[in-house]
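Geometric and topological summary
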Amino acid sequence: DTEVTQTPKHLVMGMTNKKSLKCEQHMGHRAMYWYKQKAKKPPELMFVYSYEKLSINESVPSRFSPECPNSSLLNLHLHALQPEDSALYLCASSPLGRSREQYFGPGTRLTVT
Amino acid sequence: DAKTTQPPSMDCAEGRAANLPCNHSTISGNEYVYWYRQIHSQGPQYIIHGLKNNETNEMASLIITEDRKSSTLILPHATLRDTAVYYCTVLLIQGAQKLVFGQGTRLTINP
């Protein structure tokens with residue numbers, strides 16, 4: 001199984017809502033990542049988890065709250081988002097050995113109204 | 001982190017080899033070159049990586065110059081399904097992996 005799954009595929013939320021994005025992998029990877037991608041731009045790294053611990057936070061606003069409950073799951077909790085947070089949110093995972101290619105999920109397209 | 005420079009767009013005829021260049025003149029000795037691509041509305045897909053030797057896999061070949069300041073990704077027989085944005089990046093393989101995408105090259109394969 002070389003797949004990273006993300007749910008939901010699409011999400012529309014108001015600025016006062018609380019929602020969560022979910023990411024799952026069963027490849028035994030011990031690193032997981034969240035990226036944000038605006039239209040016609042490259043993905044931008046948000047968070048990195050290594051061995052279920054947050055190792056990189058790229059100065060992301062606190063309205064985005066990541067969580068890694070176990071080695072297969074990664075969540076991104078959303079609260080009080082702004083319309084400019086509308087984007088494609090990508091999850092990825094990778095092994096932590098010599099070969100560190102990242103496997104990306106299809107993304108969640110988020111619209112904040 | 002070393003930065004990469006790629007042409008914004010390229011065209012290639014179907015069935016021909018597509019050669020995508022990348023400059024990474026500030027690469028350090030222990031940074032690897034990685035290539036990913038992103039087909040419209042999908043997540044990025046890993047293609048290939050290398051340190052200093054040329055590499056080949058079922059998808060592509062990677063040619064790295066001897067001074068490691070540039071590389072070329074080669075898709076030997078491009079198909080319409082290879083139309084995508086191709087990203088070249090450099091990466092230290094130690095600690096947490098901080099993948100930084102440049103602007104990439106939008107490759108269009110024409111029939």
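Summary of the structure given here. Every value quoted in this text rests on a predicted model; they were computed, and no experiment measured them. (Residues numbered from 1 in each chain as written. Chains lettered and ligands numbered in written order. Predicted model: local features only at pLDDT ≥ 70, side-chain atom pairs only at ≥ 80, totals over all residues. Heavy atoms only, no water.)

**Section: the state of the cysteines**
Under the convention used in this document: Two cysteine sulfurs form a disulfide in these notes if their separation is within 2.5 Å. Secondary structure follows DSSP: runs of H or I at least 4 residues long count as helices, runs of E at least 2 residues long count as strands, and numbering of each begins at the N terminus. The classification of residues rests on relative accessible area computed with a 1.4 Å probe and restricted to protein chains. Under 20% of the type maximum is buried, over 50% is exposed, and intermediate values are partly exposed.
Counted under the stated rule, the structure contains two disulfides over all chains. Put simply, cysteine 23 of chain A and cysteine 91 of chain A are joined by a disulfide, and their sulfur atoms are 1.8 Å apart. Where cysteine 23 of chain A bonds to cysteine 91 of chain A through sulfur, the torsion about that S-S bond is close to -70°, and the disulfide is left-handed. Taken together, the residues cysteine 23 of chain A in strand β3 (residues 18-25) and cysteine 91 of chain A in strand β9 (residues 87-94) connect sequence positions 68 residues apart. Across this residue pair, the class does not change: cysteine 23 of chain A and cysteine 91 of chain A are buried. Cysteine 23 of chain A supplies the cysteine sulfur nearest to cysteine 68 of chain A, a cysteine that is in no disulfide, at a spacing of 9.1 Å. Counting only cysteine sulfurs, cysteine 22 of chain B is the nearest neighbor of cysteine 12 of chain B, a cysteine outside any disulfide, at a range of 18 Å. By relative accessible area, cysteine 12 of chain B is classed as buried at 8%.

**Re the sheet that holds strand β5 (residues 55-56) of chain B**
Backbone-to-backbone hydrogen bonds pair the strands of a sheet. The strands run either parallel or antiparallel. Residues and elements named next belong to chain B. Keep this limit in mind: Strands qualify as paired when DSSP identifies two bridges or more between them.
Pairing is antiparallel across the open sheet formed by four strands, whose spatial order is β2-β7-β6-β5. Because the sheet does not close on itself, it has two edges, and the strands there are β2 (18-23) and β5. Sheet topology note: the β2/strand β7 (residues 70-75) ladder contains six bridges and is antiparallel. Within the sheet, the bridge partner assigned to asparagine 19 lies in β7 and is isoleucine 74.

**Quick notes on the pairing of β7 of chain B**
Regular strands show a simple pattern: their side chains alternate between the two faces of the sheet. All names here are of chain B. By the bridge criterion, four bridges tie strand β6 (residues 61-64) to β7 in an arrangement that is antiparallel. Bridge pairing links isoleucine 63 to threonine 72 in β7. Two successive antiparallel strands, β6 and β7, enclose a turn made up of five residues, where arginine 68 displays a positive phi of approximately 65°.

**Describing the nonpolar core**
Selection criterion: Buried Ala, Val, Leu, Ile, Met, Phe, Trp, Tyr and Cys residues that are joined via side-chain atoms within 4.5 Å together make up what is termed a nonpolar core. The contact criterion used is simple: two residues touch if any of their non-hydrogen atoms lie within 4.5 Å.
Ranked by internal contacts, the top residues of the largest apolar core, which has 23 residues, are Trp34, Phe64, Leu76 and Leu78 of chain A. Apart from the residues within four sequence positions on either side, leucine 78 of chain A is in contact with Leu11, Met13, Asn17, Lys18, Lys19, Leu21, Arg63, Phe64 and Leu110 of chain A. Judged by nonpolar contacts, the second largest core, of 21 residues, contains Leu20, Trp35, Ile48 and Cys88 of chain B.

**Topic: the layout of surface pockets**
Inclusion rule: For cavity detection a 1 Å grid was placed over the protein atoms alone, and a set of points counts as a cavity when a 1.4 Å probe fits there but cannot get out; an open set counts as a pocket when protein lies on both sides within 12 Å along at least five of seven lines, with lining residues being those that have an atom within 4 Å of a point. Grid points are joined across faces, edges and corners, and a volume is the space filled by probe spheres set on the points. Polar here means any residue outside two lists: the nonpolar Ala, Val, Leu, Ile, Met, Phe, Trp, Tyr, Cys and Pro, and the charged Asp, Glu, Lys and Arg; Gly therefore counts as polar.
Approximately 600 Å³ is the volume found for the largest pocket. As for the largest pocket, its lining consists of 27 residues, and the residues nearest its centre are Gln37, Lys40 and Lys41 of chain A together with Val85 and Arg106 of chain B. Counting residues per element, the ones that place at least two in the lining of the largest pocket are β9 and β11 (108-112) of chain A together with β8 (84-92) and β9 (105-110) of chain B. By residue class, the composition of the lining of the largest pocket is twelve nonpolar, ten polar and five charged.

**Regarding the sheet that holds strand β4 (residues 45-50) of chain B**
All names here are of chain B. Heads up, the condition is: Each axis is a line fitted through C-alpha atoms, and for a helix only the stretch in contact is used; angles between axes span 0 to 180 degrees, taken between their N-to-C directions.
Pairing is mixed in the open sheet, where five strands are placed in the order β1-β9-β8-β3-β4. Across the chains shown, the open sheet's two edge strands, defined by having one partner strand only, are β1 (9-13) and β4. In this sheet, adjacent strand axes meet at a mean angle of 25° when their direction is disregarded. One ladder, built from five bridges, connects β1 with β9; its direction is parallel. For aspartate 11, the partnering residue across the bridge sits in β9 and is threonine 108.

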